[in-house]
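Structural characterization, general
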2 protein chains.
Amino acid sequence: MALFAGTYENRIDRKGRVSLPADFRSELPADGNRVIYIYRSPKAQALEACDRVFMQRLADSLEQYDLFSDEEDDLGSTIVADARKVSIDGEGRIVVPPEFVSFADIGERVTFVGRGSRFQLWKPEDFEKHAAAARNSAKGRTIRLVPPESKE
Amino acid sequence: MALFAGTYENRIDRKGRVSLPADFRSELPADGNRVIYIYRSPKAQALEACDRVFMQRLADSLEQYDLFSDEEDDLGSTIVADARKVSIDGEGRIVVPPEFVSFADIGERVTFVGRGSRFQLWKPEDFEKHAAAARNSAKGRTIRLVPPESKE
DNA sequence: TGACTTACCATAAAAACCCATGCTATCCCA
DNA sequence: TGGGATAGCATGGGTTTTTATGGTAAGTCA
């Protein structure tokens, strides 16, 4: 499964293209399916992206909520409906939809932030602030590790 | 699974390369996946490193928290986002990102500290102090052993 | 035809790769 | 037991390959 980790800053050119960091690119299936899904974060002024597998999982996860319930409707409309399928060109670049760019207040530069099975796109200054705050409130937090996976 | 133990001190060359201690290297999968993840410790002024399996486990562990929750965000932004994928060259060396080097106040020499499924990188003098303090406060502590694993 | 994409090519900088060398701990054999 | 031979390891430097990023040509849809 894809594992996105690390942060990388890249430049958006005048045509709206950005290179996907090579380390993210190498996590995606090499054959054919060179496509990702981008959606606006419901939590922060940033964008999120993932591969097809995760989007499928997200959609499946919404089925925990009753069909036609408010939760299902809210989250489904906000994430799944919002998501755009974006293709990756021969040089490993994507074009971020203009309205998404302005939603995240992104200018010439984007910070790609690996978050495990998905990653985020931030305006660099915004992410710096966010990361500092997060690091601060992570201080003292501990992590209960899940048992090692036996799969794969 | 990888088992890193012991401490080793190595030299960083002018290109930023350090040899991974041979005993650590031999714990990594020989085929292909010759890569490790390095991140800044949320607890100490030191770096931590692990193999892909552990980073995946860490990312999986964060899924105990709901997607878009504060806990998931804080810890994800601090660890997974902070991590850098670092490749191991033919001679068993890695390049430690410069900003990480300065975070840990590392100069020409690094101390590698085995911590089981991960290991740490310290400025030698700092680790000495830390180790002394830890040894002192470990006095009297006990360990509840888990039952021997039956797998593999 | 014109606006807007999508595919293809070029290049500088950075990262990965390859080869070389001295040191050290281990082995081997008298 | 001693000392040379040997293999593994840390370290150094040069060269090739990737990557990010810019531009141009070819398609596409209204």
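Below is a short write-up of the structure. (Residues numbered from 1 in each chain as written. Chains lettered and ligands numbered in written order. Predicted model: local features only at pLDDT ≥ 70, side-chain atom pairs only at ≥ 80, totals over all residues. Heavy atoms only, no water.)

A separate point is the interface of chain B and chain A. Residue-level contacts link 38 residues of chain B with 41 residues of chain A. Summing both partners gives a buried area of about 3,200 Å² for chain B against chain A, and 55% of it is carried by carbon and sulfur. Contact with chain A buries surface across chain B, with B:Arg57, B:Phe68 and B:Lys85 losing the most and accounting together for 19% of the total. At the junction of chain B and chain A, the tally comes to 9 salt bridges. The partner of A:Lys43 in a salt bridge is B:Asp70, and the shortest N-O contact between them spans 2.5 Å. Scanning the region where chain B abuts chain A turns up 22 residue pairs in polar contact (both at pLDDT 80 or more). Of all the elements in the fold, those that place two or more residues in the side of chain B that touches chain A are β3 (35-40), α2 (52-61) and α3 (70-80) of chain B. It is α3(B) that contributes the most residues to the side of chain B that touches chain A, 11 residues altogether. (Contact = heavy atoms within 4.5 Å. Buried area = accessible area lost by both parts, 1.4 Å probe. Salt bridge = Lys/Arg side-chain N within 4 Å of Asp/Glu carboxyl O. Polar contact = N/O pair within 3.5 Å; in protein donor to acceptor, adjacent residues only side chain to side chain. Helix = DSSP H or I, 4+ residues; strand = E, 2+ residues; numbered from the N terminus.)

A few words now on the sheet that holds strand β1 (residues 7-11) of chain B. Residues and elements named next belong to chain B. Pairing in this open sheet of 6 strands is antiparallel, and the strands run β1-β7-β8-β4-β3-β5 from one edge to the other. Among the strands making up the open sheet, the edge pair consists of β1 and β5 (84-87). The average angle at which neighbouring strand axes cross in this sheet is 30 degrees, direction not considered. Note: strand β4 (residues 47-50) against strand β8 (residues 118-122), 4 bridges, orientation antiparallel. (Pairing = 2+ DSSP bridges. Axes fitted to C-alpha atoms, helices over the stretch in contact; angles between N-to-C directions.)

Function cannot be inferred from these measures alone, as they are strictly geometric.
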